[in-house]
Amino acid sequence: MFSPPEFAPDPVRERLLKAALDSFLSDDYHKVTTRLIAEKADANISMIRYYFGNKEGLYEEMIRDTMSPLLNVLDGQMLDSVDGFKDFFNLYYETMSKRPEFPKLILKVLALNQGPGRRFIQQLLERGRTRGAKKVEDMKSAGQVAPSLDPDIVRMAFVSLAMMPILLKDIFEEQMGRTMDAVFLEQLAAFNGYLFSTGLMPTRPE
């Protein structure tokens with residue numbers, strides 16, 4: 001994979017990433033051109049080569065840039081206790097509700113194998129799986145969760161509760177007759193966080 005040169009944050013690079021996100025989410029990968037992305041970003045096409053190497057490099061960096069806030073949580077303190085799952089759900093809903101097409105893009109690549117980046121996305125998800133498993137082990141050591149808890153089950157349950165409301169957002173809103181706005185998603189995050197914190201607690205003797 002192309003390794004970009006070391007650089008300070010650059011507004012041109014940020015505009016290219018935003019333009020790439022808009023373009024790849026609204027159209028199929030093969031229909032999106034680097035020229036179109038450069039025009040949307042008001043940038044020279046040579047800057048795509050400079051920062052990302054090529055179209056696929058830009059595509060992968062766009063995915064990494066969008067997923068980073070969620071993966072970085074696994075290195076931070078938010079999940080040092082089970083109470084942090086509420087905040088993690090909230091972060092996921094907040095991040096993805098701005099771009100509800102993004103989870104659909106990931107699903108398309110992984111489940112339907114449409115578009116490039118399948119191996120790259122799997123690597124990112126495996127990174128999340130490894131870090132998440134460590135968090136679970138740390139919570140086990142601290143006596144916060146059941147010793148027999150399977151980290152893969154925790155991860156699968158989290159992904160299910162996190163992704164489905166965003167993937168089916170339009171359908172849910174139509175059925176409920178109301179918008180899943182920030183207040184609704186915050187309440188959903190609190191409820192799902194409560195489910196997790198309750199479900200992960202060690203069984204207490206009666």
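Residues numbered from 1 in each chain as written. Predicted model: local features only at pLDDT ≥ 70, side-chain atom pairs only at ≥ 80, totals over all residues. Heavy atoms only, no water.

1. Brief notes about the overall build of the chain
Next, step 1: Per the secondary structure count, the chain includes ten helices and zero strands.
Next, step 2: For the chain, the spread of C-alpha atoms along the three principal axes comes to 70 × 45 × 30 Å.
Next, step 3: Out of the 206 residues in the chain, the part that is buried amounts to 38%.
Next, step 4: When the accessible surface of the chain is totalled, it reaches about 11900 Å², and 54% of it is carbon and sulfur.
Next, step 5: Counting 26 positive and 29 negative side-chain charges, the chain places the centres of these two groups 4 Å from one another. (Helix = DSSP H or I, 4+ residues; strand = E, 2+ residues; numbered from the N terminus. Buried < 20%, exposed > 50% of the residue type's maximum accessible area, 1.4 Å probe, protein only. Areas by Shrake-Rupley, 256 points an atom, 1.4 Å probe, with all protein chains shown as cover. Lys, Arg positive; Asp, Glu negative; His and termini not counted. Charge placed at Lys NZ, Arg CZ, Asp CG, Glu CD.)

2. Some details on the pattern of salt bridges
Next, step 1: Inspection of every chain in the model, using the stated rule, returns 13 salt bridges.
Next, step 2: Put simply, Lys108 and Asp28 hold a salt bridge, and the shortest N to O gap is 3.6 Å. Of this pair, Lys108 sits in helix α6 (residues 101–111) while Asp28 sits in the loop between α1 (11–26) and α2 (34–40), placing them 80 residues apart in sequence.
Next, step 3: Overall, Lys108 belongs to the partly exposed group, its relative accessible area being 26%.
Next, step 4: For Glu137, the salt bridge is made with Lys140, and the minimal N-O distance between the two is 3.4 Å. With Glu137 and Lys140 both in helix α7 (residues 118–141) and three residues apart, this pair spans about one turn of that helix.
Next, step 5: Overlapping salt bridges bring together Arg13, Glu14, Glu61 and Arg64 as one network. (Salt bridge = Lys/Arg side-chain N within 4 Å of Asp/Glu carboxyl O.)

3. Quick notes on α1
Side chains that are three or four residues apart share a direction in an α-helix, a result of its 3.6 residues per turn.
Next, step 1: The end-to-end C-alpha distance of α1 is 23 Å, a good match for the 22 Å that 16 residues give at a rise of 1.5 Å each.
Next, step 2: For α1, the full list of buried residues reads Arg13, Leu16, Leu17, Ala19, Ala20, Leu21, Ser23, Phe24 and Leu25. (Expected span 1.5 Å × (residues − 1).)

4. Quick look at the packing of aromatic side chains
Next, step 1: What the rule picks out here adds up to 13 aromatic pairs.
Next, step 2: Between the aromatic rings of Phe88 and Phe158, the centroid separation amounts to 4.7 Å while the plane-to-plane angle is 20°, which identifies the pairing as stacked. Linking Phe88 in helix α5 (residues 84–97) with Phe158 in helix α8 (residues 151–167), this pair joins segments that are 70 residues apart in sequence.
Next, step 3: Under the relative-accessibility criterion, Phe158 is labelled buried at 10%.
Next, step 4: These aromatic residues form a ring-pair network of at least three members: Phe85, Phe88, Phe89, Tyr92, Tyr93, Phe158 and Phe196. (Phe/Tyr/Trp six-rings, centres within 6.5 Å; stacked < 30°, edge-to-face > 60°.)

5. As for the environment of Phe89
Next, step 1: Within the element layout of this structure, Phe89 appears in helix α5.
Next, step 2: The class of Phe89 is buried, set by a relative accessible area of 0%.
Next, step 3: Separated by 100 residues in sequence, Phe89 and Ala189 have C-alpha atoms that sit 5.0 Å apart.
Next, step 4: The residues touching Phe89, leaving out its near neighbours within four places in the chain, are Phe158, Leu161, Ala162, Ala189, Asn192, Gly193 and Phe196. (Contact = heavy atoms within 4.5 Å.)

6. With respect to the packing of helix α4 (residues 55–73) against α7
Next, step 1: Following both chains from N to C, one finds α4 and α7 inclined at 5°, their axes separated by 11 Å at the closest point. Here α4 lies roughly parallel to α7, going by the angle between them. Judged by residue contacts, Glu60, Ile63, Arg64, Met67, Leu71, Asn72 and Val73 of α4 engage Phe120, Ile121, Leu124, Leu125, Arg127, Gly128, Arg131 and Lys135 from α7. (Axes fitted to C-alpha atoms, helices over the stretch in contact; angles between N-to-C directions. Parallel < 35°, antiparallel > 145°, perpendicular 65-115°, else oblique.)

7. What about a nonpolar patch on the surface?
Next, step 1: A contiguous nonpolar patch, built from Phe191, Tyr194 and Leu195 and spanning about 330 Å² of accessible area, is present on the exposed surface.
Next, step 2: Judged by its relative accessible area of 48%, Phe191 is partly exposed. (Patch = residues over 30% accessible without salt bridge, like charges linked within 9 Å, V, L, I, M, F, W, Y side chains within 5 Å.)

8. Some words on unusual backbone geometry
Peptide bonds are trans in most cases, and residues, glycine excluded, mostly fall at negative phi.
Next, step 1: One non-glycine residue, Asp42, lies in the positive phi region at around 55°.
Next, step 2: Locating Asp42 in the fold gives a position in the loop between α2 and α3 (46–52).

9. Overview of the nonpolar core
Next, step 1: Formed by 55 residues in total, the largest nonpolar core has its most connected members in Ile37, Met62, Ile63, Phe85 and Phe102.
Next, step 2: Looking at which element gives the most residues to this core, the answer is α4, with eight residues. (Core = buried A, V, L, I, M, F, W, Y, C linked by side-chain atoms within 4.5 Å.)

10. Re the packing of α5 against helix α10 (residues 182–200)
Next, step 1: It is at 7 Å that the axes of α5 and α10 come closest, and there the two elements cross at 145°. Crossing hand, α5 versus α10: right-handed. Residues Phe85, Lys86, Phe89, Asn90, Tyr93 and Ser97 of α5 form the contact with α10, whose own contacting residues are Leu185, Glu186, Leu188, Ala189, Ala190, Asn192, Gly193, Phe196 and Leu200.
Next, step 2: Grouping the constituent residues of the contact of α5 with α10 by class yields nine nonpolar, four polar and two charged. (Left-handed = near helix turned anticlockwise from the far one by under 90°. Nonpolar A, V, L, I, M, F, W, Y, C, P; charged D, E, K, R; others polar.)

That is the geometry; function is a separate question.
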